[in-house]
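# An overview of the molecular structure
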Amino acid sequence: MKKSSDTAVVSGKTECSGQVKRQQLLSYQRAVFTALFLGYACYIYNRKSVSYAIPTLLASGLITTSTLGIISSSQNTAYAVSKFLGGILSDKMSARVLFAMGLAASGGSTLLFSRTENPALWALLWFLNGFAQGAGWPACAKLLKKWFSPDNFGTWWSVLTASSNVSGTLSPLLAAYVIINHGWSASLIIAGLLSLVMAGVTLVTLVDDPAHVHLPDPTARTTHAAPPTPTTSSKSETAEKMTVGQLARSPFLWVVSLCYLVVFCAKTALSDWGQIFLIEELGRTQMQASSFTSAMETGGFFGGILAGILTDKMASKANVRGNARLMVAAAFMVMCAAGVHLLRTFLTPHTSQAMVSGVGMVLGASMFGPISIYGIVASESFPAHLSGTAHAVVALAANVGAVVAGWPVSWVARTWSWRGVFLVLEVFAAASVALILATARIHLTPKSKKA
């Protein structure tokens, strides 16, 4: 009886200890996620701070549309390169340090931008800002993968992505208010200082790995899976031995990359130039144009979260092997093409502001959904030792799209008008849907029936 009693005591202590560990893990998960959410919102505020000042800079004669295109492309070029490098670095160094350093450097370059009126220095500083920005999302992706279960990874990814929409919804309105009352430089100073403060907070709050604070691995499956068959075991071993060269030759990776390029080009073009179109061609005020940008971000908030929830359900219930999430992305891109068509053909100077904002919400939801999905797909579809590199490759493609949305889009606008730009974006969105449907055999194969 004594042994039985001792065994029960030990079992009770073990269970109690396990509950304490789970509570600690939950507390850390909340702290890490909150720090990432607020920190990445500051990244976005910094990245877009100059875009919000564009109408004032143009009206004051400090800058031309062509020079703005160069500044935008310099930032996006640097961002494309640094996000690729950031993905590789996230596999090699502390994601916590990478995230905080990038945020601090981004805030510093924004502060310096506010203190000069030299276009050449602006281009250089915004190149540096773009380079610093590339550290943000790769670090987020790595930390999410360490701290959250694969079963709801898509949902957490999408909610974190929504931080950019929260920032994008609030910051243009805040920026417009500050610019109108205190000038464009004051708006950039606020964005820069906020990021510097948040960089210090994230450096203290974030933790690279649950093991570093003696917590259980949240990525371990809690359900008892069936023993692997020889075929699945062989595939798993092959995946674990995958090299960077094999990754680069993956047709699936290139499909995701091309689709990501298209949607990121559309999102960047509409975010950076949409308010210029509304002011120049539809006669809207700066506050009304900023409301359109905010509406896009609001739609993006809901679209990104919805995409994560839908794709988690699709991935768990669809009777297919491979990645069913891309079919959800295709559905969102159909809505994107429709939204751009509405922007191009139905909006006029007489259209109500409610309708303009409604189109903005549709566009935001339809673009941020696929942006969230493509990142999830790249991170989860390749072995852990190459997940950061895989995400870096598709992120590089996305940022090529962002570069195209800078000077090249401004050139198309000067040559054929803004409606010509929207026609090109509409065609590209439709083409990405056709690509996903035409290559379904790469990412969708029926599951074998159980005996």
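Residues numbered from 1 in each chain as written. Predicted model: local features only at pLDDT ≥ 70, side-chain atom pairs only at ≥ 80, totals over all residues. Heavy atoms only, no water.

### Topic: empty space enclosed by the protein
According to the stated counting rule, one finds five cavities of 30 Å³ or more in the structure shown. Taken as a whole, the largest cavity holds about 230 Å³ of empty space. If you go around the largest cavity, you meet 18 residues; those closest to its centre are Tyr40, Thr161, Ser164, Phe264 and Ile371. Elements supplying a minimum of two residues to the lining of the largest cavity: helix H1 (2–59), helix H2 (65–90), helix H6 (153–182), helix H10 (251–282) and helix H13 (353–380). Looking at the lining of the largest cavity, its residues break down into nine nonpolar, four polar and five charged. Of the voids in this model, the second largest cavity is the one considered here, and its volume is about 120 Å³. Lining the second largest cavity are Arg47, Lys48, Val50, Ser51, Ile54, Leu68, Ile71, Ser72, Gln75, Trp126, Asp272 and Trp273. Looking at the lining of the second largest cavity, the elements that each hand over two or more residues are H1, H2 and H10. (1 Å grid on protein atoms, 1.4 Å probe; cavity = no way out; pocket = protein on both sides within 12 Å on 5 of 7 lines; lining within 4 Å. Points joined across faces, edges and corners; volume = space filled by probe spheres on them. Helix = DSSP H or I, 4+ residues; strand = E, 2+ residues; numbered from the N terminus. Nonpolar A, V, L, I, M, F, W, Y, C, P; charged D, E, K, R; others polar.)

### Observations concerning helix H15 (residues 407–416)
All of the buried residues along H15 are Val409, Ser410, Val412 and Ala413. Burial along H15 is one-sided: seen end-on, the buried residues are contained in an arc of 160 degrees. Ser417, located one to two residues past H15, shows a positive phi value of around 90 degrees. (Buried < 20%, exposed > 50% of the residue type's maximum accessible area, 1.4 Å probe, protein only. Arc of directions from axis to C-beta.)

### A look at the packing of H6 against H13
The geometry of H6 relative to H13 is characterised by a closest axis approach of 10 Å and an angle of 135 degrees between their N-to-C directions. Judged on the interaxial angle alone, H13 and H6 are oblique. Viewed along their axes, H6 and H13 form a crossing whose handedness is right-handed. Contacts between H6 and H13 involve Phe153, Gly154, Trp157, Ser158, Thr161, Ser164 and Asn165 from the former and Phe368, Ser372, Gly375, Ile376 and Ser379 from the latter. Here the residues of the contact of H6 with H13 sort into four nonpolar, eight polar and no charged. (Axes fitted to C-alpha atoms, helices over the stretch in contact; angles between N-to-C directions. Parallel < 35°, antiparallel > 145°, perpendicular 65-115°, else oblique. Left-handed = near helix turned anticlockwise from the far one by under 90°. Contact = heavy atoms within 4.5 Å.)

### Side note on the pattern of salt bridges
What the rule picks out here adds up to three salt bridges. Where Asp209 meets Lys146, a salt bridge forms, and the shortest distance between an N and an O atom there is 3.3 Å. Of the two residues, Asp209 sits in the loop between helix H7 (184–205) and helix H8 (230–240) while Lys146 sits in helix H5 (residues 136–147), which places them 63 residues apart along the sequence. Between Arg419 and Glu281 there is a salt bridge whose closest N-O contact spans 3.9 Å. Within this pair, whereas Arg419 is found in helix H16 (residues 418–438), its partner Glu281 is found in helix H10, the two being separated by 138 residues in sequence. Glu281 sits in the partly exposed class, given a relative accessible area of 31%. (Salt bridge = Lys/Arg side-chain N within 4 Å of Asp/Glu carboxyl O.)

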